[in-house]
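Next come the chains, spelled out residue by residue.
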Amino acid sequence: MDFSLNEIQAMLADSVDKFIQNEYDFDTRQAYAESDTGFSADVWSTFAELGWTAVPFAEDDGGLDGGPADIMVLMQQLARGLVVEPYLANVILAGGILRRAANAEQKERWLQPMIAGELHATLAFNEPQARYRLTSVATTATRDGDDWILNGCKGVVLNGGTADLLIIPARTSGNADDERGITLFGVAADSDGLTCNAYATYDGQRAAEVILDGVCVEDRAVLGEVDDGFADLDATIDEATLAVCAEAVGIMQVLKDKTVEYSKDRSQFGVPIGSFQELQHRMVDMLMACEQAQSLLLWAVMANASGSEESKRAVSSIKYLVSTAGRSLGEDAIQIHGGMGVTWELDVAHYFKRLTAIGTMFGDADWHLDKLASASH
Amino acid sequence: MHVTFSEADLAFQEEVRTFFRDEYPDEIREAVSSGEELPREMQIRWQKILFEKGWAGINWPTEHGGTGWTPVQKYIYAREEGNANAPVIVPFGLNMVGPVIYTFGSEAQKNRFLPDILASNTWWCQGYSEPGAGSDLASLKTKGDLVGDHWVVNGTKTWTTLGQFADWIFCLVRTTSDVARRQEGISFLLIDMKSPGVTVKPIILLDGTHEVNEIHFDNVEVPVENLVGEEGKGWTYGKVLLQHERTNSANTFRSEYRLRKLREQAATSVRGAPPLADDKNFMRRLAAVEVELKGLEYTELRTLAAVSSGKAPGPESSFLKIKGTEIQQAIDTLYMDAAGYYALPYRADPSVGEGTETLTALRYFNFRKATIYAGSNEIQKNIIAKHVLGL
Ligand SMILES: Cc1cc2nc3c(=O)[nH]c(=O)nc-3n(C[C@H](O)[C@H](O)[C@H](O)COP(=O)(O)OP(=O)(O)OC[C@H]3O[C@@H](n4cnc5c(N)ncnc54)[C@H](O)[C@@H]3O)c2cc1C
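Residues numbered from 1 in each chain as written. Chains lettered and ligands numbered in written order. Predicted model: local features only at pLDDT ≥ 70, side-chain atom pairs only at ≥ 80, totals over all residues. Heavy atoms only, no water.

Enquirer: Run through the state of the cysteines, naming residues and quoting values.
Expert: In this structure the tally under the stated criterion is 0 disulfides over all chains. Unpaired in terms of disulfides, Cys290(A) finds its nearest cysteine sulfur in Cys245(A), a separation of 14 Å. Judged by relative accessible area, which is 2%, Cys290(A) ranks as buried. Free cysteine Cys171(B): the closest other cysteine sulfur is in Cys125(B), separated by 7.3 Å. (Disulfide = S-S within 2.5 Å. Buried < 20%, exposed > 50% of the residue type's maximum accessible area, 1.4 Å probe, protein only.)

The structure is reproduced here in structure tokens:
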């Protein structure tokens, strides 16, 4: 048994860590988050130069042939800097679909420029009525000669406002909520009939509401087989869930460390507040939550990487833990910081907000616990 | 054992209900239900409406223009106010410094300050906490030196809620440092915010709102007549006020209102999603909070019954504060969870649809403060452990 990082993972962890230390302090992050696009184009280019955008892709496609464990390492480190550059949207979400479903021509047109940092892409997996149901695809695509016409709405599309390419799941047959009948389309953001209303989200990131009003695309926009997109969509969302869980575990560790440190520095009643047993026990709970989360994350990543039948259960388990224990850990971190904890100035609140957003993303605690409760073991 | 009201109380209830139905302006009602911060002008306009009605000084004695209501009437009023989702009264003048002045102040202070407080002509803020003195308030360092007929005040107060709007600030200031107990030697001073040497620096909270401030006092001259009560006895006065603050923070009826609204929302389809009422997990969590709230409501009634029969509110107010704020936060969490992905947008955006949904997370973040301010919940538990359990 060996839980240590391999040489490549260790290098990756080290290089991300150095980058965050040297070039991505909290003030810098805040400035990027508040800029027009919500991230730094220069930083994104750096990610591409360093090969981080290439990690999960096949060597033939210009990738590094990495797997879920490598993504875990990377996300856990990026978490420490609360990085706002659209890694999840591009590499994990859009990349996950392109890697699985794109043909050679589509890879050349979309995947390779994305890896090179020249094209921004995202996956519009959510619709306003969907809540967390991936199958809830009401957006339609109908045949028009050799073309397809898309109509519908996509909600809270991560980094939708800066994407050049939107991957749109649309219904080509079947009923609302059927797995079968969902087709994936690569749609250029500047297509006629596509409107994108971008906005900031509370965690310092960006999202958009996307309206497709008679958007016409050629047949070569179809990624994979018609009617058969769900499996790729589902597998991609599982990977994305793991990726944000890795980020969440990174954040939990930061919050725990910062809280412990603060409790040693801050004195009231003539003693450090960390000397109060009530707070000590809560910080021990925080530590235990971090350990549990790290353990489940490793299990889930290994199960996912090996394609084992436990994979779905493992993904829901870590997501459930991140949504519940993560929430109480975050709340405790704020509480123990007292008034300082609720200020914009201190980074702690921003880690807490990102952790909260992750708690919701790809299904909240109830959603995943339901899955676990009804799964046959 | 009964919780029925007398005929007179029922008539009073009807009067209050009618008032909120007919005299609560739609414009303010809409602003409150939008979930956004109420603009200062609307806040003042509402408090003046209450003043005109004679209902501004709920806890005040009649001789100073208060309602003179019985505890039961106050309870009825609070319930109707909650049901109407009326604005939360800014407490610093009406609920805090007002009672201190009419209880401990001089005649001159009463005449000078109380009428304007009651009529909401002046906006007050509370200067207790300091960067180094939060939970341990008695360690405060802001200093007052007597020079001629002035106290010269130096130091920093922080977390001053809505201090940016304030005309006056009431402060706890150390005026004698050579004392046996740290709680001694602290005085209660009323300071004009326009005095030279007062500077107000905003502190932005995690949801992006400007709600609190840091206030610096640099050789601020405060006339001796602005000292309330005796020099060095400010701690005692301040404590009376803190107990008020804690009882007020239970907010039972506002919580009840919000839970009822949430049930209504859950029964409908938002953005075409299936109603949350079909989601058993969510409804069970909602029901669990309702149970807790009912318990709190009856605890409040029991406290009320005790107060009606002449007992003073004691450390039980700590219980109300803890439970009340825990329930508020649990409700905030439910709202945010109900909104799902639509809690993520940072500001209500027309393109996103339901404005109130997008504010749920911001409220959840903002109200983490509720377990921190007015004496953190940990401190309240310490008080109960010591004074109720005798540990
Ligand atoms: C939004 C907001 C508005 C406020 N408005 C005002 C205002 O208008 N006027 C004003 O004067 N003040 C105001 N306050 C200040 C508030 O009263 C203090 O924040 C509070 O007393 C806690 O102090 P602190 O922030 O310094 O935290 P600290 O005292 O440093 O506490 C940090 C943590 O340690 C815990 N702790 C401390 N001592 C103990 C102990 N003995 N045992 C166990 N745990 C302990 C606390 O519970 C907390 O979790 C406001 C605060 C906030 C956040």
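What follows continues from the structure just given.
Enquirer: Give a detailed account of the pairing of strand 2 (residues 143-147) of chain B, specifying residues and quantitative values.
Expert: Note: strand 2 of chain B against strand 3 (residues 150-157) of chain B, 5 bridges, orientation antiparallel. Counted as the bridge partner of Val147(B) is His150(B) from strand 3 of chain B. (Pairing = 2+ DSSP bridges. Helix = DSSP H or I, 4+ residues; strand = E, 2+ residues; numbered from the N terminus.)

Enquirer: Could you give an account of the domain arrangement of chain A, with specific residues and numbers?
Expert: Residues and elements named next belong to chain A. Each domain of chain A was delimited in the assignment, giving domain 1 (7-119), domain 2 (123-227) and domain 3 (231-375). For domain 1 and domain 2, the distance between their C-alpha centres works out to 23 Å. Contact residues are listed per partner, giving 25 residues for domain 1 and 19 residues for domain 2. Across the domain 1/domain 2 interface, buried area totals approximately 1700 Å², and carbon plus sulfur atoms make up 61% of it. Per-residue buried area on domain 1 facing domain 2 is highest for Leu93, Ile97 and Trp110; these three make up 28% of the total on that side. Counting across the domain 1 and domain 2 interface gives 1 salt bridge. Counting across the domain 1 and domain 2 interface gives 9 residue pairs in polar contact (both at pLDDT 80 or more). Elements with a contribution of two residues or more to the side of domain 1 that touches domain 2: helix 2 (26-34), helix 5 (87-101) and helix 6 (104-115). With 7 residues, the single largest contributor to the side of domain 1 that touches domain 2 is helix 5. When grouped by side-chain class, the residues that make up the side of domain 1 that touches domain 2 number 15 nonpolar, 4 polar and 6 charged. (Domains from an automatic or database assignment. Contact = heavy atoms within 4.5 Å. Buried area = accessible area lost by both parts, 1.4 Å probe. Salt bridge = Lys/Arg side-chain N within 4 Å of Asp/Glu carboxyl O. Polar contact = N/O pair within 3.5 Å; in protein donor to acceptor, adjacent residues only side chain to side chain. Nonpolar A, V, L, I, M, F, W, Y, C, P; charged D, E, K, R; others polar.)

Enquirer: Could you give me a rundown of the pattern of salt bridges, with the residues and numbers involved?
Expert: Summed over all chains, the structure comprises 46 salt bridges over all chains. Of the charged contacts in the structure, one is a salt bridge between Glu247(A) and Arg354(A), with a shortest N-O distance of 2.8 Å. Here Arg354(A) lies in helix 10 (residues 347-360) and Glu247(A) lies in helix 7 (residues 230-265), a separation of 107 residues in the sequence. Of the charged contacts, one joins Glu81(B) and Arg254(B) as a salt bridge, the two residues approaching to 3.8 Å between their closest N and O atoms. Remark: Arg254(B) occurs in helix 8 (residues 252-267) and Glu81(B) occurs in helix 4 (residues 71-83); sequence separation between them is 173 residues. Look at Glu81(B) and you get buried, because its relative accessible area is 13%. Taking the relative accessible area as the measure of exposure, Arg254(B) reaches 15% and is therefore buried. In the salt-bridge network here, residues are joined through shared partners; they are Glu105(A), Arg109(A), Glu218(A) and Arg220(A).

Enquirer: Give a description of unusual backbone geometry that names residues and reports values.
Expert: All names here are of chain B. One non-glycine residue, Leu162, adopts positive backbone phi at about 55°. Looking at where Leu162 falls in the secondary structure, it is placed in the loop between strand 3 and strand 4 (168-174). Of note in the backbone geometry, Ala374 takes a positive phi value of approximately 50° without being a glycine. Within the secondary structure layout, Ala374 lies in the loop between helix 11 (355-366) and helix 12 (377-388). Relative accessible area serves as the criterion here: at 11%, Ala374 is assigned to the buried category.

Enquirer: Account for the site of the ligand, naming residues and giving values.
Expert: Taken together, 29 residues sit near the ligand, with Arg266(A), Gln335(A), Ser135(B), Thr161(B) and Ser376(B) positioned nearest. Lying at an intersection of chains, the ligand is approached by residues of chains A and B. With respect to the ligand, the side chain of Arg266(A) contributes an N or O atom lying 2.7 Å from an oxygen atom. Contact distances for the ligand include 2.7 Å between an oxygen atom and a side-chain N or O atom of Glu378(B). Alone, the ligand offers 970 Å² of accessible surface; in the complex the protein occludes 95% of this. Examining the composition of the shell around the ligand, we find that 3 residues originate from one element, helix 12 of chain B, more than from any other. Across the shell around the ligand, the residue classes break down as 14 nonpolar, 12 polar and 3 charged. (Near = heavy atom within 4 Å. Areas by Shrake-Rupley, 256 points an atom, 1.4 Å probe, with all protein chains shown as cover.)

Enquirer: How would you sum up the interface of chain A and chain B? Please name residues and give values.
Expert: Many descriptions give the size of an interface as the accessible area lost when the pieces come together. Contacts between chain A and chain B engage 48 residues on the former and 49 residues on the latter. Roughly 3800 Å² of surface becomes buried between chain A and chain B when both sides are summed, with 59% attributable to carbon and sulfur atoms. Broken down residue by residue, the surface that chain A buries against chain B is led by Arg131(A), Tyr202(A) and Val342(A), which jointly contribute 17%. In this assembly, chain A and chain B are joined by 4 salt bridges. Close ionic contact of Arg327(A) with Asp337(B) constitutes a salt bridge, the shortest N to O distance being 2.7 Å. Taken together, the connections running from chain A to chain B amount to 24 residue pairs in polar contact (both at pLDDT 80 or more). Mapped onto the side of chain A that touches chain B, the elements with two or more residues apiece are strand 3 (147-158), strand 6 (194-200), helix 8 (277-305), helix 9 (311-336), helix 10 and helix 11 (365-374) of chain A. It is helix 10 of chain A that provides the largest number of residues to the side of chain A that touches chain B, a total of 6 residues. For the side of chain A that touches chain B, the class distribution of residues is 19 nonpolar, 15 polar and 14 charged.

Enquirer: Quick one: what's the story with the side chain of Thr135(A), residue by residue and with numbers?
Expert: If you trace the backbone, Thr135(A) turns up in the loop between strand 1 (121-123) and strand 2 (140-144). The residues touching Thr135(A), leaving out its near neighbours within four places in the chain, are Arg171(A), Asp177(A), Asp178(A), Glu179(A), Ile182(A) and Phe230(A).

Enquirer: Could you give me a rundown of the packing of helix 8 of chain B against helix 9 (residues 280-308) of chain B, with the residues and numbers involved?
Expert: Residue and element names in this part refer to chain B. Axis separation between helix 8 and helix 9 bottoms out at 10 Å; the angle between their running directions is 155°. It follows that helix 8 is roughly antiparallel to helix 9 by the angle criterion. Seen along the crossing, helix 8 lies across helix 9 with a hand that is left-handed. Of the residues in helix 9, those touching helix 8 at Thr252, Phe253, Ser255, Glu256, Leu259, Leu262, Arg263 and Ala266 are Phe282, Met283, Leu286, Ala287, Val289, Glu290, Leu293, Leu296, Glu297 and Glu300. (Axes fitted to C-alpha atoms, helices over the stretch in contact; angles between N-to-C directions. Parallel < 35°, antiparallel > 145°, perpendicular 65-115°, else oblique. Left-handed = near helix turned anticlockwise from the far one by under 90°.)

Enquirer: Quick rundown of helix 11 of chain A? Include the residues and the values.
Expert: Looking only at helix 11 of chain A, the buried set comprises Ala365(A), Asp366(A), His368(A) and Leu372(A). Each buried residue of helix 11 of chain A lies within a common arc of 165° when the element is viewed along its axis, so the set occupies one face. Buried residues along helix 11 of chain A sit against helix 9 of chain A together with helix 9 of chain B. (Arc of directions from axis to C-beta.)

Enquirer: Could you give an account of the domain arrangement of chain B, naming the residues involved and the relevant values?
Expert: Residues and elements named next belong to chain B. Domains assigned within chain B are domain 1 (7-89), domain 2 (124-233) and domain 3 (249-387). Relative placement of domain 2 and domain 3: their C-alpha centres are 32 Å apart. Facing the 7 residues of domain 2 at the interface are 8 residues of domain 3. Here domain 2 meets domain 3 over a buried area of about 560 Å², counting both sides, of which 50% is carbon and sulfur. Where domain 2 touches domain 3, the interface holds 1 salt bridge. Our count for the domain 2 to domain 3 interface comes out at 4 residue pairs in polar contact (both at pLDDT 80 or more). Taken together, the residues that form the side of domain 2 that touches domain 3 break down as 2 nonpolar, 3 polar and 2 charged.

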